[in-house]
Amino acid sequence: MTFDSSPVQSIVFDNRQIFLKRDDLLHPDFSGNKARKLHYFLQNDFPNIHKIVSYGSAQSNAMYSLSVLAKMKGWEFEYYVDHVAEYLKENPHGNYEGALKNGMKIHVGRVPPIPTNKNILLIEEGGRQKEAEYGIRLLAQEIVDWQKENNIDELNIFLPSGTGTTALFLSKTFIGIGGTRPTVYTCPCVGDESYLKKQFLELESDEKFHPTVLTLEKKHHFGKLYKENYKIWLKLQQQTGVEFDLLYDPLGWRVLLAHPEVLSKPILYIHQGGVLGNESMLPRYQRKYD
Ligand SMILES: *Cc1c(COP(=O)(O)O)cnc(C)c1O
């Protein structure tokens, strides 16, 4: 299967006009950029594969999207986590509940086995692997086509990073195209800047293809609750009517707004989905700050 190209919308936030690439609308059952990263597996047949093995957190967007992929393909899906919070175990919701409903088998406190036969597909945490390039190139092509249609010569692109896979392959595709091409900016949400750069290097050793990394001065911990994050998330919803994800996007927007030089050209922000994960983050924020 293939995806129709996702729409681009023009929004105004804090009196700035910003283009928004709605990758969150790509597919009702896939979480935004995970649909891009897994596109290769959807597009091709794998007659020998009968199982996906992966690992990460029990709330992850990638976990949920893998459960959708496995279900569509008729594959088993085994997922390895360090731990599952008691509250989540007793009240399954969000990505965790969705993945279980799709047939995910979860292993707690065990290290994933390295597959020894060709019938098992190992997907790295967060879908960080070379096959992701296929779908992200299609995203890059959609952006280039949109630019041409709308006569937008210069363009900055911003998207927040976890593993950095999406930003890296996007940047690599554009730099490969040459000429006047968009510049890709990103920020680390999971670790710090040096962690993100290490992630880039694992996928692409030539740094000329890497995106430009922007940060805030203050340290930020993934999954922790920050009042500033909640405030900007609410404000985005009020001013634009768009629901963003609560883990990556609030930091992404804060970093972007702190860099006026990036906003001085037409700017395209990529909405990478993840809204199903808000089912667990939003009640936590409401309990703490409402
Ligand atoms: C997974 C995810 C990211 C991070 O993507 P990477 O390719 O790992 O950098 C960002 N935003 C959302 C909503 C995600 O689900």
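Residues numbered from 1 in each chain as written. Predicted model: local features only at pLDDT ≥ 70, side-chain atom pairs only at ≥ 80, totals over all residues. Heavy atoms only, no water.

**Considerations on the packing of aromatic side chains**
Our working rule: Pairs were defined over the aromatic rings of Phe, Tyr and Trp, the Trp ring being its six-membered one, requiring ring centres within 6.5 Å. Orientation was assigned from the angle between planes: stacked under 30 degrees, edge-to-face over 60, tilted for the rest. Elements are defined by DSSP. Helices are runs of H or I of four residues or more, strands are runs of E of two residues or more, and each kind is numbered from the N terminus. Remark: exposure states derive from per-residue accessible area (1.4 Å probe, protein chains only) relative to the maximum for the residue type, with buried under 20%, exposed over 50%, and partly exposed in between.
Applying the stated criterion to the full structure yields 18 aromatic pairs. Taking the centre distance of 6.2 Å and the plane angle of 85° together, the rings of Phe-3 and Phe-30 count as edge-to-face. Placement of the pair is Phe-3 in the segment before strand 1 (8-13) and Phe-30 in the loop between strand 2 (16-22) and helix 1 (33-43), with a sequence separation of 27 residues. What makes Phe-3 buried here is its relative accessible area of 11%. Phe-30 gets classed as buried once you look at its relative accessible area, which sits at 4%.

**Some remarks on the pattern of salt bridges**
We apply this condition: What counts as a salt bridge is simple: a side-chain nitrogen of Lys or Arg found within 4 Å of a carboxyl oxygen of Asp or Glu.
One pass over the structure, following the stated rule, counts 17 salt bridges. In this structure, Lys-235 and Asp-14 form a salt bridge, with 3.1 Å as the shortest nitrogen-oxygen distance. Residue Lys-235 is located in helix 8 (residues 227-240), and its partner Asp-14 is located in the loop between strand 1 and strand 2; the two are separated by 221 residues in the primary sequence. When its relative accessible area of 33% is taken as the criterion, Lys-235 is described as partly exposed. Members of the salt-bridge network, linked through shared partners, are Lys-21, Asp-23, Arg-36 and Glu-142.

**Observations regarding the sheet that holds strand 4 (residues 76-81)**
Here is the rule we go by: Two strands are counted as paired when DSSP detects at least two bridges linking them. Axes here refer to lines fitted to C-alpha atoms; in helices the fit is confined to the stretch in contact. Angles between the N-to-C directions go from 0 to 180 degrees. Every residue pair with non-hydrogen atoms within 4.5 Å of one another is taken to be in contact.
As summarised here, the arrangement of the four strands in space is 5-4-3-6, forming an open sheet in which the pairing is parallel. Two strands in the sheet have a free side with no partner beyond their single neighbour: strand 5 (105-108) and strand 6 (120-123). On average, adjacent strands in this sheet sit at an angle of 20° to one another, irrespective of strand direction. With five bridges connecting them, strand 3 (residues 51-55) and strand 4 associate as parallel partners. Note on strand 4: the bridge partner recorded for Ser-54 is Tyr-79. On top of the sheet, helix 2 (residues 61-73) reaches strand 3, strand 4 and strand 6; it is set at about 165° to strand 4, its chief contact.

**A few points about the environment of Val-255**
Here Val-255 is to be found in helix 9 (residues 249-257). Setting aside residues up to four positions removed in sequence, Val-255 forms contacts with Phe-158, Cys-187, Leu-214, Thr-215 and Leu-216.

**Examining the pairing of strand 3**
Regular strands place side chains that alternate from one sheet face to the opposite one. Inclusion rule: If you view a crossover with the strands going away from you and the path from the first strand over the helix to the second runs clockwise, you call it right-handed.
Extensive coverage of strand 3 is indicated by the burial of four of its five residues. Between the parallel pair strand 3 and strand 4, the chain is carried across by helix 2, and the sense of this crossover is right-handed. Sheet analysis places strand 3 next to strand 6, joined by four bridges and oriented parallel. Residue pairing across strands places Lys-51 opposite Ile-120, the latter belonging to strand 6.

**Some thoughts on the domain arrangement of the protein**
Stated precisely, the cut-off is as follows: Annotation comment: domain bounds sourced from an automatic or database domain assignment. Summed over both partners, the accessible surface that disappears when two parts come together, traced with a 1.4 Å probe, is what is meant by buried area. The definition of a polar contact used here is a pair of N or O atoms within 3.5 Å, where within protein one atom must be able to donate a hydrogen and the other to accept one, and adjacent residues in sequence count solely through side-chain atom pairs. Polar here means any residue outside two lists: the nonpolar Ala, Val, Leu, Ile, Met, Phe, Trp, Tyr, Cys and Pro, and the charged Asp, Glu, Lys and Arg; Gly therefore counts as polar.
On domain assignment, one finds that the protein holds domain 1 (8-29 + 130-289) and domain 2 (36-127). The C-alpha centroid of domain 2 is placed 24 Å from the C-alpha centroid of domain 1. Across the boundary between the two partners, domain 1 contributes 22 residues, which contact 18 residues of domain 2. Of the roughly 1,700 Å² buried between domain 1 and domain 2, counting both surfaces, carbon and sulfur atoms make up 58%. Looking at the side of domain 1 facing domain 2, the largest losses of area belong to Asp-29, Tyr-134 and Leu-276, adding up to 30% of the total buried there. At the surface where domain 1 touches domain 2, the tally comes to two salt bridges. Asp-23 is the partner of Arg-36 in a salt bridge, and the nearest nitrogen-oxygen pair spans 2.8 Å. Counting across the interface, domain 1 meets domain 2 through four residue pairs in polar contact (both at pLDDT 80 or more). Among the elements of the structure, helix 5 (132-149), helix 6 (165-177) and helix 11 (278-289) are those that each provide at least two residues to the side of domain 1 that touches domain 2. Top element by residues in the side of domain 1 that touches domain 2 is helix 5. It accounts for seven residues. Here the side of domain 1 that touches domain 2 is composed, by residue class, of eight nonpolar, eight polar and six charged.

**Some words on the site of the ligand**
Condition: Nearness is defined per residue: one heavy atom within 4 Å of the molecule or strand is enough. The Shrake-Rupley method, run with a 1.4 Å probe, gives the accessible areas here. Residue values count only the displayed protein chains as cover.
Taken together, 16 residues are adjacent to the ligand, and Lys-34, Asn-61, Gly-162, Thr-163 and Thr-166 come closest. A distance of 2.6 Å is found between an oxygen atom of the ligand and a side-chain nitrogen or oxygen belonging to Thr-163. A distance of 2.6 Å separates an oxygen atom of the ligand from a polar atom in the side chain of Thr-166. Here the ligand has 390 Å² of accessible area as a free molecule, and 98% of this is covered by the chains. Elements represented by at least two residues in the shell around the ligand include exactly helix 1, strand 7 (156-161) and helix 6. Per-element accounting of the shell around the ligand gives the leading share, three residues, to helix 1.

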